[in-house]
Amino acid sequence: GLELAHCVGASSLGPAVPWRSGGPCKMKRVRTVFKPEQLERLEQEFLKQQYMVGTERVDLAATLHLTETQVKVWFQNRRIKWRKQSMEQKAAKLSQFRVIEPATADSTDIKDHEEDTVDVEL
């Protein structure tokens, strides 16, 4: 589950601070390290659906020997990563068009003006 590291005592940063539990010291949460098999399964499920809720999340957590909270947080973080990647891809596409557009727009504008100002001899 959510494991907590040792108590962080008073330091140069100031006195110890309670961490949500009302205890005498600040506890630091240990980061979950997922096994490659767990990550592979989580990614497979994410490709099927970006939101995992209810009994599906409970079942997946049990299958992977994780807590429901770990699965929930993994999906939240993965959605953030997915949105960021999508935004970067859109930005890259837009920047490609910005480089091409002004050059083609300028040449088109010049041709239009040349056609508008043609002198006709009688």
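Structure: above.
Each chain has its residues counted from 1, running along the sequence as written. In keeping with the predicted nature of the model, local features appear solely for residues at pLDDT of at least 70, side-chain atom pairs appear and are counted solely at 80 or more, and the whole-chain, interface and lining totals rest on all residues. Think of the side-chain values as coming from all heavy atoms in the structure, minus any hydrogens and water.

A. Layout of unusual backbone geometry. A positive phi angle, near 60°, is found at H65, a position not held by glycine. A run of H or I in DSSP counts as a helix once it spans at least four residues, and a run of E counts as a strand once it spans at least two, with each numbered from the N terminus. Position of H65 among the secondary structure elements: in the loop between α2 (54–64) and α3 (68–116). By relative accessible area, which is 72% here, H65 ends up exposed. Exposure classes here rest on a 1.4 Å probe applied to the protein chains alone. A residue is buried below 20% of its type maximum, exposed above 50%, and partly exposed in between.

B. Molecular detail of the layout of surface pockets. Considering only enclosed or pocket space, the largest pocket measures out at about 260 Å³ in volume. Points on a 1 Å grid, built from protein atoms alone, make a cavity when a 1.4 Å probe fits but cannot get out and make a pocket when they are open with protein on both sides within 12 Å along at least 5 of 7 lines; residues with an atom within 4 Å of a point are the lining residues. Surrounding the largest pocket, ten residues form its lining, R29, T32, F34, V73 and N77 being those nearest its centre. No other element matches the five residues that α3 contributes to the lining of the largest pocket. Three classes are used, and their members are as follows: Ala, Val, Leu, Ile, Met, Phe, Trp, Tyr, Cys and Pro are nonpolar, Asp, Glu, Lys and Arg are charged, and the others, Gly among them, are polar. Here the lining of the largest pocket is composed, by residue class, of four nonpolar, four polar and two charged. Grid points are joined across faces, edges and corners, and a volume is the space filled by probe spheres set on the points.

C. Region of interest: the nonpolar core. Residues belong to one nonpolar core when they are buried, are Ala, Val, Leu, Ile, Met, Phe, Trp, Tyr or Cys, and are joined through side-chain atoms within 4.5 Å. If you look at the biggest cluster of nonpolar residues, it comprises eleven residues: F34, L42, F46, M52, L60, A61, L64, L66, V71, W74 and F75. Filtering out sequence-adjacent residues up to four positions away, L60 remains in contact with R41, L42, E45, M52, V71 and F75. We call two residues in contact whenever any of their non-hydrogen atoms come within 4.5 Å of each other.

D. Local environment of the pattern of salt bridges. Criterion for a salt bridge: a side-chain nitrogen of Lys or Arg within 4 Å of a carboxyl oxygen of Asp or Glu. A full pass over the atoms with the stated rule returns four salt bridges. Between R41 and E45 there is a salt bridge, and its shortest N-O distance comes to 3.1 Å. Note that R41 and E45 are positioned in helix α1 (residues 36–48) at a spacing of four residues, about one turn of the helix. Look at E45 and you get buried, because its relative accessible area is 11%. E68 serves as the salt-bridge partner of R57, at 3.2 Å between the closest nitrogen and oxygen. Of the two residues, R57 sits in helix α2 while E68 sits in helix α3, which places them eleven residues apart along the sequence. Assessed through its relative accessible area of 15%, R57 is described here as buried. Accessibility expressed as a relative area gives 36% for E68, which makes it partly exposed. Through salt bridges that share partners, R41, E45 and K48 make up one connected network.

E. Examining the packing of α1 against α2 more closely. Orientation is described by axes fitted as lines to C-alpha atoms, over the contacting stretch for helices, and by angles from 0 to 180 degrees between their N-to-C directions. Direction vectors running N to C along α1 and α2 enclose 160°, while the axes themselves pass 10 Å from each other. One way to sum up the angle between α1 and α2 is to call them roughly antiparallel. For the pair α1 and α2, the sense of crossing is right-handed. For the pair formed by α1 and α2, the contact residues are Q38, R41, L42 and E45 on the first element and L60, T63 and L64 on the second. Here the angle decides the label: under 35 degrees means roughly parallel, over 145 means roughly antiparallel, 65 to 115 means roughly perpendicular, and every other value means oblique. A crossing counts as left-handed when the near helix is turned anticlockwise from the far one by less than a right angle, and as right-handed when that turn is clockwise.

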